[in-house]
Amino acid sequence: MFTQINSIGLFGMNAFPVKAEINASRGVPSFDIVGLADTSVQESKFRIVSALKNSEIELKSQSLIISLTPASVKKAGSAYDLAILTAVLAVQGEQLIDISKCAFFGEISLGGGINGVPGALTMAIEAKNNGMESIFLSQENAAEASVVKGLTVYGVKNVADLYLHLCGLKKLEPQSPYVPKEAAYINLADFADVKGQENVKQALTIAAAGFHNVLMIGTPGTGKSMLAKRLPSVLPAMTFEESIETTQVHSIAGILDKNAPLVVNRPFRPVSHTASAPGLVGGSGIPKPGEISLAHNGVLFLDELPEFDRRTLETLRQPVENREIIISRATGSARYPCNFMLVAAMNPCPCGNFGHPTKKCVCTSIAVAKYLGKISQPVLDRIDIQIEVNPVSYTEISDDEKGDSSAVIREKVEKARLIQERRFAGTSVRSNSEIEPSMLSEVCIMEDSARVLISNVFDKLGMSARAYDRILKVARTAADLDASELITKKHVSMAISYRSLDRKYWGK
């Protein structure tokens, strides 16, 4: 007897349709799995046999051959268990309901339970794209998969319940579509708590409005980390599409909150300088997403930037530019999105006091140059806004009057984002930081005085083409915050000032 069951394979974020074909015949009882199945897939037969026994479902003595097609593609992981088990049930002689438009994926436990697997949302989307009308998976993953519109999701607790449903004896209830909560800002740190630093707050407002990368340089205790941690409180709420993208990455990484299976708050991923390159960009045998992908549609915060290994920092160059990372291994290549806002903070020297108005720097010029030299010019070129964070005066820190709250700043940011949304309607661009070079002349229209200013400064400062493009993008965002269609001299001057610290500290 022959039949086939639909399933979905996953390698990184690359999902693909798989069919579990089964042939049952008389002969010596056996259970073989073919089709480039790795060890974890081969072990599924032991899990299935035990699960059927513990579910009091008879496994007839037959020669069973399971082929996972396409046979030319490597299969890994335990997600194929449920499809293989369903195929086994289908050749036991029972009359099953029509499951030709159904897909099955999940891990079977020895006791007969069905466990969740990473990447359920991505597999559910692929199932829908391949014409499936229903999917069967673990109850753990059901809410996550239920956000896919037009797909009936059945969360299955154990093998016995699945068997009764397939035999038409006791129907399973479909999972109700998960309704995500609104983005929560109430528990986030507020900019109103930051004393002084109005120029830095202005720079971060521009950064949030255009999703620009930021570098803050200042002596210890000036509030660099404090300011960075408040950025999520002024970023606009995620769109549904952004939530789906971010949830897919977090699901594959296995860090999704089971009680909130759809990510609705923009990620804030603080990374220690002890992080390795694979930890930052992703890796392992079957490539897992790294911190840059986990920060997708959110903020990646690198504190003490020069303390990172230089080779680790260099791995950021391509992802920052292309907004995706491709991890290649012998088993295949995995592509992950990483459209994140890079926020970095650093001291100006090893002791931290270089440039401090009252404290003396004890570092030699060689030590300072070596310290700053850990950050290459190509990395600096990819940071749109570079801002100096100066010590706060006693007058500022003792003042009881608070500055603008995060809610006030976020309102300004959202108005600027709305302008960008209208401007880029019908394109793949979401924010000013993503403007393609071919679009700059069309969307970054400057008044004459602004054009003269940037012309005079370009050769004087020895700007690269990349620096020029990024200055225009930042100026465009500054103009959007002022609701100005034209980029004025003030906006260009502001954008240029945010590119001056590399010349002060790195001599460029």
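Note that this is a predicted model, so its numbers are computed, not measured.

What counts and what doesn't
Residues numbered from 1 in each chain as written. Predicted model: local features only at pLDDT ≥ 70, side-chain atom pairs only at ≥ 80, totals over all residues. Heavy atoms only, no water. Buried < 20%, exposed > 50% of the residue type's maximum accessible area, 1.4 Å probe, protein only. Helix = DSSP H or I, 4+ residues; strand = E, 2+ residues; numbered from the N terminus. Pairing = 2+ DSSP bridges. Arc of directions from axis to C-beta. Contact = heavy atoms within 4.5 Å. 1 Å grid on protein atoms, 1.4 Å probe; cavity = no way out; pocket = protein on both sides within 12 Å on 5 of 7 lines; lining within 4 Å. Points joined across faces, edges and corners; volume = space filled by probe spheres on them. Nonpolar A, V, L, I, M, F, W, Y, C, P; charged D, E, K, R; others polar. Axes fitted to C-alpha atoms, helices over the stretch in contact; angles between N-to-C directions. Phe/Tyr/Trp six-rings, centres within 6.5 Å; stacked < 30°, edge-to-face > 60°. Lys NZ or Arg CZ within 6 Å of the ring centre and 35° of its normal.

Colleague: Any chance you could explain the pairing of strand β4 (residues 63-69) here in plain terms?
Modeller: Walk down a regular strand and you will see the side chains alternate between the two sheet faces. Most of β4 sits inside the fold, with 6 of its 7 residues counted as buried. Looking at chain direction, strand β2 (residues 14-25) and β4 are connected through 7 bridges and run antiparallel. Within the sheet, the bridge partner assigned to A20 lies in β4 and is L68. Alignment of strand β3 (residues 30-34) against β4, held across 5 bridges, turns out to be parallel. Residue F31 lies in a different strand from β4, and its bridge partner there is L64.

Colleague: Teacher, can you tell me more about helix α14 (residues 365-372) here?
Modeller: Turn by turn, an α-helix covers 3.6 residues, leaving residues three or four places apart pointing in a common direction. V368, Y371 and L372 are the residues of α14 that are buried. Taken down its axis, α14 places every buried residue within 90° of arc, on the same side. For α14, exposure combined with an orientation more than 90 degrees from the buried face picks out I366 and K370. Against the buried residues of α14 lie β17 (341-346) and α22 (501-505).

Colleague: Could you clarify how one ought to interpret the side chain of S293 in this entry?
Modeller: Relative to the helices and strands, S293 resides in helix α11 (residues 291-294). Judged by its relative accessible area of 0%, S293 is buried. Look past the residues within four positions of S293 in its chain and what remains in contact with it is V249, I325, Y336, P337 and C338.

Colleague: Looking at this structure, I do not really get the layout of surface pockets. What am I missing?
Modeller: Over the atoms, a rolled probe matching the size of one water molecule traces out where space is still vacant. Looking at the largest pocket, its volume works out to about 430 Å³. Lining the largest pocket are 20 residues, with T239, E242, R417, E421 and R430 sitting closest to its centre. For the lining of the largest pocket, the secondary-structure elements that each account for two or more residues are α9 (240-253) and α17 (406-423). Looking at which element gives the most residues to the lining of the largest pocket, the answer is α17, with 5 residues. Its residues assigned to classes, the lining of the largest pocket shows 7 nonpolar, 5 polar and 8 charged.

Colleague: In this structure, what is going on with the sheet that holds strand β10 (residues 214-217)? I would like to understand it.
Modeller: Two strands in a sheet stick together by hydrogen bonds in their backbones, pointing the same way (parallel) or opposite ways (antiparallel). A sheet is described by the order of its strands in space; here 5 strands give the open sequence β11-β14-β17-β10-β18, paired in parallel fashion. The open sheet has two edge strands with one neighbour each: β11 (268-271) and β18 (385-388). On average, each strand axis in the sheet is tilted by 15° relative to the strand beside it, whichever way the strands run. Across 4 bridges, β11 lies against strand β14 (residues 299-302) in parallel orientation. In the sheet register, P270 faces β14, and the bridge partner there is F301.

Colleague: Would you mind showing me how to read the packing of aromatic side chains here?
Modeller: Aromatic rings in a pair are described by how distant their centres are and how their planes are angled relative to each other. Counted under the stated rule, the structure contains 5 aromatic pairs. Aromatic pair F268 and F301: ring centres 6.0 Å apart, planes at 25°, arrangement stacked. Of this pair, F268 sits in strand β11 while F301 sits in strand β14; the two residues are 33 residues apart in sequence, bridging distant segments of the chain. Overall, the relative accessible area of 3% leaves F301 in the buried class. Ring centres of F458 and Y468 lie 5.8 Å apart, and the angle between their planes is 85°; this geometry places the pair in the edge-to-face category. Of this pair, F458 sits in helix α19 (residues 448-461) while Y468 sits in helix α20 (residues 465-481), placing them 10 residues apart in sequence. Through a chain of ring-to-ring contacts, the aromatic side chains of F104, F136 and Y154 assemble into a single cluster. Here the basic side chain of K149 rests over the ring of F240, its NZ or CZ set 5.7 Å away from the ring centre.

Colleague: Explain unusual backbone geometry to me, please; I cannot follow it from the model alone.
Modeller: Of all residues except glycine, most have a negative phi; of all peptide bonds, most are trans. The omega torsion across T69 and P70 is 5°, close enough to zero to call that bond cis. Secondary-structure assignment places P70 in the loop between β4 and α3 (81-90). Backbone geometry places L36, a non-glycine residue, at a positive phi of 55°. Among the secondary structure elements, L36 is positioned in the loop between β3 and α1 (39-42). Residue L36 is classed as partly exposed on the basis of its relative accessible area, which comes to 43%. Here the phi dihedral of E56 falls at roughly 60°; this positive angle occurs in a residue that is not glycine. Secondary-structure assignment places E56 in the loop between α2 (44-54) and β4. According to the relative accessible area criterion, E56 is exposed, its value standing at 76%.

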